[in-house]
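Here's the letter readout for the chains.
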Amino acid sequence: MIPNQHNAGAGGHQPAVFRMAVLDTDLDHIFPSSVLPPFWAKLVVGLVAIVCFARSYDGDFVFDDSEAIVNNKDLQAETPLGDLWHHDFWGSRLSSNTSHKSYRPLTVLTFRINYYLSGGFHPVGFHVVNILLHGGISVLMVDVFSVLFGGLQYTSKGRRLHLAPRASLLAALLFAVHPVHTECVAGVVGRADLLCALFFLLSFLGYCKAFRESNKEGTYSSTFWVLLSIFLGAVAMLCKEQGITVLGLNAVFDILVIGKFNVLEIVQKVLHKDKSLESLSMLRNGGLLFRMTLLTSGGAGMLYVRWRIMGTGPPAFTEVDNPASFADSMLVRAINYNYYYSLNAWLLLCPWWLCFDWSMGCIPLIKSVSDWRVIALAALWFCLIGLICQALCSEDGHKRRILTLGLGFLVIPFLPASNLFFRVGFVVAERVLYLPSVGYCVLLTFGFGALSKHTKKKVHYNIGKNLADKGNQTAAIRYYREAVRLNPKYVHAMNNLGNILKERNELQEAEELLSLAVRIQPDFAAAWMNLGIVQNSLKRFEAAEQSYRMAIKHRRKYPDCYYNLGRLYADLNRHVDALNAWRNATVLKPEHSLAWNNMIILLDNTGNLAQAEAVGREALELIPNDHSLMFSLANVLGKSQKYKESEALFLKAIKANPNAASYHGNLAVLYHRWGHLDLAKKHYEISLQLDPTASGTKENYGLLRRKLELMQKKDV
């Protein structure tokens, strides 16, 4: 008699998936669960950005527009196009000692095209282009914020996971309407900042593309995207000087996010003199070092060419332009520079007053530490140091990534305007905050989500959830009941209480609570799904199916609900429907291990071994380190007499989870069939040590022992 393999789990199916409905940083309380699809989200953001600044379309040429456009001969057809590459932003030769040294030929070229298409100096066309550019950049921000909040995790087929649609939409809307952008959009010369931002963001997204391609097509394609990113950075610099800072941002992104460089971990290893520091994977990452070399070489090349073009050195500014930079005392200069930084931060946080020109003594110098304005410096650095510590040292990788990139976007594009490397010709300029405002929107959105997480829940609900997470269900029930008593319409407390009662097999009360929750809030998808689970346990299958369908109606992309619906169909022997439901779950969430496992097990149990094998291989391609998938596929391969491959998967699963009795038991069955009887005996014994009550393993072990005894008698 040949023994049979046994699939893990009673009844052959994985357990139901429960979801506690906690309003966390998913921002469900701002956007509905059926958030706008990406196309419509971008359309809304673009329209909001355009409408917000549309009133500036009929403005005149004002302030710097006169010098950069009306009096700039480079816009007129009589001036050869080649002169644009030798003149500064204002039309003066770069070699002149009086040149401002602002080298932005691509921006001037767009002015010239505007002039040609408008048939002269008609400001409407110039303003419309600025408004449309801001709308387009705001649309692009949806993708940028999706990377910043969701990260760069891909399936083997190149599909990005964790798109963070709610956070991306909220941050993009904040960017689209931020008042500090007024100077850039309403002032025509602000086009330099708009064009710079456009190519800056394209460069960043291109760099992100390199990591998708490196997983899919190899080094050459990845290198192409890095080189394209450097090229787009150069284009951004030809629109405005700060465009070159995208290379620094890309480097920070690569090291801290892609390379997962954990400062806290490194510091701890240094303090404890951990020898594993010597083999730090990031230091041995050839791809990272190659990309850093490309970025450094590209940046150095851009700076060299830029310096050669400037010809006579940096521009000359007067004390009126930037009084602090002419102060004799280094301490006075440092204090005032930091005060300017705090003013810029305040303009981002609270743009209560805006000004096109902050020179001419608008901001008096701080000449003593007794000046009360020093408090602003302390507040700024207190906040920055706190954020930097969290960004570099937090044990939460998701939090580290968001804070690091938020600070990166906030600080790095601002560096050319910081007076740290060279003197600039202004005190405060709102236009230079266009790109740093991206980082501000990231930090504000993250902070808003974190704040809502802690303030929207009631105290009793919080305590109940904490107790439930610690396994103290009895105390959790008491606090959840109190939360419902204090607020009879508190549907989230009802939902969580219903889940605990279901686990304690108090099904009738669980059904009553969950039914009440969906009556109070009919679009509460999680409660509908959990109600379906309870009704399924009560053998009320039609009602359970209806509840699952209602959950999917209110949350179309709900993989866990499709998974539980599949379990219902499997219980009803509706195998095709079960497979379709589980397939939907994996389409929506490719890493849904339970749905993959149930498909493999069902196909295995119904004798469809070839199809089960195909599904198992597809699942492992997406989730290569899931030991339960290895186990299920190994069972299928064993039944298909692919013993060698089956053995390899069993051993790999056991290495990942060595205390799983069923893994050893089924490997023993494989060896039993294969004729490796000594190995079969060994793993039967390990399995029985781990689970002495496994009847199937006992039976198979008994068969093996009798067979070995017969063989010994024959030998004698």
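Conventions adopted
- Residues numbered from 1 in each chain as written.
- Predicted model: local features only at pLDDT ≥ 70, side-chain atom pairs only at ≥ 80, totals over all residues.
- Heavy atoms only, no water.
- UniProt positions renumbered as here; feature names shortened; annotations may be inferred.
- Helix = DSSP H or I, 4+ residues; strand = E, 2+ residues; numbered from the N terminus.
- Axes fitted to C-alpha atoms, helices over the stretch in contact; angles between N-to-C directions.
- Parallel < 35°, antiparallel > 145°, perpendicular 65-115°, else oblique.
- Left-handed = near helix turned anticlockwise from the far one by under 90°.
- Contact = heavy atoms within 4.5 Å.
- Salt bridge = Lys/Arg side-chain N within 4 Å of Asp/Glu carboxyl O.
- Core = buried A, V, L, I, M, F, W, Y, C linked by side-chain atoms within 4.5 Å.
- Buried < 20%, exposed > 50% of the residue type's maximum accessible area, 1.4 Å probe, protein only.
- Domains from an automatic or database assignment.
- 1 Å grid on protein atoms, 1.4 Å probe; cavity = no way out; pocket = protein on both sides within 12 Å on 5 of 7 lines; lining within 4 Å.
- Points joined across faces, edges and corners; volume = space filled by probe spheres on them.
- Nonpolar A, V, L, I, M, F, W, Y, C, P; charged D, E, K, R; others polar.
- Polar contact = N/O pair within 3.5 Å; in protein donor to acceptor, adjacent residues only side chain to side chain.
- Lys, Arg positive; Asp, Glu negative; His and termini not counted.
- Patch = residues over 30% accessible without salt bridge, like charges linked within 9 Å, V, L, I, M, F, W, Y side chains within 5 Å.
- Areas by Shrake-Rupley, 256 points an atom, 1.4 Å probe, with all protein chains shown as cover.
- Phe/Tyr/Trp six-rings, centres within 6.5 Å; stacked < 30°, edge-to-face > 60°.

- For the protein chain, an unreviewed UniProt entry supplies the name dolichyl-phosphate-mannose--protein mannosyltransferase and the organism Macaca fascicularis.
- According to the UniProt record, the Pathway (unreviewed entry) comment for the protein chain reads "Protein modification; protein glycosylation."
- What UniProt records for the protein chain under Sequence similarities (unreviewed entry) is the sentence "Belongs to the TMTC family."

Here we look at the UniProt feature "transmembrane region" (unreviewed entry) in the protein chain
Consideration 1: Here, UniProt's "transmembrane region" (unreviewed entry) annotation points to residues 131-151, 188-208, 220-238, 244-267, 288-307, 374-393, 405-426 and 432-451.
Consideration 2: Secondary structure within residues 288-307 divides into 100% helix and 0% strand; the distance between the first and last C-alpha atoms comes to 28 Å.
Consideration 3: End C-alpha atoms of residues 432-451 are separated by 29 Å, and the span's content is 80% helix alongside 0% strand.

Notes on the packing of helix α26 (residues 627-639) against helix α27 (residues 643-656)
Consideration 1: Two elements in contact, α26 and α27, have axes separated by 8 Å at closest approach and are oriented at 155 degrees. Here α26 is positioned roughly antiparallel relative to α27, judged by the angle of their axes. Crossing handedness for the pair α26 and α27: left-handed. Residues His627, Met630, Phe631, Leu633, Ala634, Asn635, Leu637 and Gly638 of α26 form the contact with α27, whose own contacting residues are Tyr643, Glu645, Ser646, Leu649, Phe650, Lys652, Ala653 and Ala656.

Concerning the pattern of salt bridges
Consideration 1: Evaluation of the coordinates by the stated rule reveals 22 salt bridges.
Consideration 2: A salt bridge links Arg574 to Glu545, with the nearest nitrogen and oxygen atoms 3.6 Å apart. One end of the pair, Arg574, is in the loop between α22 (559-571) and α23 (575-588); the other, Glu545, is in helix α21 (residues 541-554), with 29 residues separating them in the sequence.
Consideration 3: A salt bridge links Arg574 to Asp577; the shortest N-O distance between them is 3.1 Å.
Consideration 4: Three or more residues are tied together by salt bridges with common partners; here these are Glu613, Arg617, Lys642 and Glu645.

Description of the nonpolar core
Consideration 1: With 93 residues, the main nonpolar core has Met141, Phe145, Leu201, Phe204, Phe253 and Phe409 as its most contacted residues.
Consideration 2: A domain split of this core shows at least three residues from each of domain 1 (203-313) and domain 2 (323-449).
Consideration 3: Residues in contact with Phe145, not counting those within four places in the same chain, are Gly150, Ser168, Ala171, Ala172, Phe175, Val438, Cys441 and Val442.
Consideration 4: Within the second largest apolar cluster, 85 residues are counted, among which are Leu579, Trp582, Ile623 and Ala660.

Here's the deal with empty space enclosed by the protein
Consideration 1: Here the structure, examined in full by the defined rule, presents one cavity of 30 Å³ or more.
Consideration 2: Put simply, the largest cavity is a space of about 50 Å³.
Consideration 3: Looking at side-chain class alone, the lining of the largest cavity contains nine nonpolar, two polar and no charged residues.

Structural notes on the side chain of Asp604
Consideration 1: Looking at the secondary structure, you find Asp604 in helix α24 (residues 593-605).
Consideration 2: Within the structure, the side chain of Asp604 is placed 2.8 Å from the side chain of Lys639, a separation counted as a polar contact.

Side note on the environment of Phe326
Consideration 1: Along the chain, Phe326 falls in the loop between α11 (286-310) and α12 (330-349).
Consideration 2: Classification of Phe326 as partly exposed rests on a relative accessible area of 29%.
Consideration 3: A sequence separation of 97 residues divides Phe326 from Arg423, and the C-alpha atoms of the two residues are 9.3 Å apart.
Consideration 4: Not counting the four nearest positions on each side in its chain, Phe326 is found in contact with Phe317, Thr318, Glu319 and Arg423.

Some thoughts on the side chain of Asp626
Consideration 1: Assignment of secondary structure puts Asp626 in the loop between α25 (609-622) and α26.
Consideration 2: As a buried residue without a salt bridge, Asp626 has its nearest oppositely charged side chain in Lys589, at a separation of 11 Å.
Consideration 3: Leaving out residues up to four positions away in the same chain, Asp626 has contacts with Ser593 and Leu620.

Observations regarding the environment of Met141
Consideration 1: Looking at where Met141 falls in the secondary structure, it is placed in helix α4 (residues 123-150).
Consideration 2: A sequence separation of 95 residues divides Met141 from Gly46, and the C-alpha atoms of the two residues are 9.8 Å apart.
Consideration 3: Those residues within four positions of Met141 in sequence are excluded, and the remaining contacts are Ala172, Phe175, Leu201 and Val438.

Section: a nonpolar patch on the surface
Consideration 1: Judged by side-chain polarity, Phe39, Trp40, Leu43 and Leu47 come together as a nonpolar surface patch covering roughly 440 Å² of accessible area.
Consideration 2: In this structure, Trp40 sits in helix α1 (residues 38-53).
Consideration 3: The exposure class of Trp40 is partly exposed, given its relative accessible area of 47%.

Description of the packing of aromatic side chains
Consideration 1: Counted by the stated rule, this structure contains 22 aromatic pairs.
Consideration 2: Both rings, one in Phe61 and one in Phe126, keep their centres 5.3 Å apart while their planes meet at 80 degrees; by these two values the pair is edge-to-face. In this pair, Phe61 is assigned in the loop between α1 and α2 (64-70) and Phe126 in helix α4, connecting sequence segments 65 residues apart.
Consideration 3: Take Phe61: its relative accessible area is 11%, and that puts it in the buried class.
Consideration 4: Taking 5.8 Å as the distance between ring centres and 55 degrees as the angle between the ring planes, the aromatic pair formed by Tyr461 and Tyr480 counts as tilted. Of this pair, Tyr461 sits in helix α16 (residues 459-469) while Tyr480 sits in helix α17 (residues 473-486), and the two are 19 residues apart along the sequence.
Consideration 5: When its relative accessible area of 1% is taken as the criterion, Tyr461 is described as buried.

With respect to the packing of α24 against α26
Each packed pair of helices is defined by two parameters, the angle between the axes and the distance between the axes.
Consideration 1: Running from N to C, α24 and α26 cross one another at 15 degrees; their axes reach a closest spacing of 9 Å. Between α24 and α26, the angle is such that the two are roughly parallel. Crossing handedness for the pair α24 and α26: left-handed. For the pair formed by α24 and α26, the contact residues are Ser593, Trp596, Asn597, Ile600, Ile601 and Asp604 on the first element and Ser628, Leu629, Ser632, Leu633, Asn635, Val636 and Lys639 on the second.
Consideration 2: Considering only residue class, the contact of α24 with α26 consists of six nonpolar, five polar and two charged.

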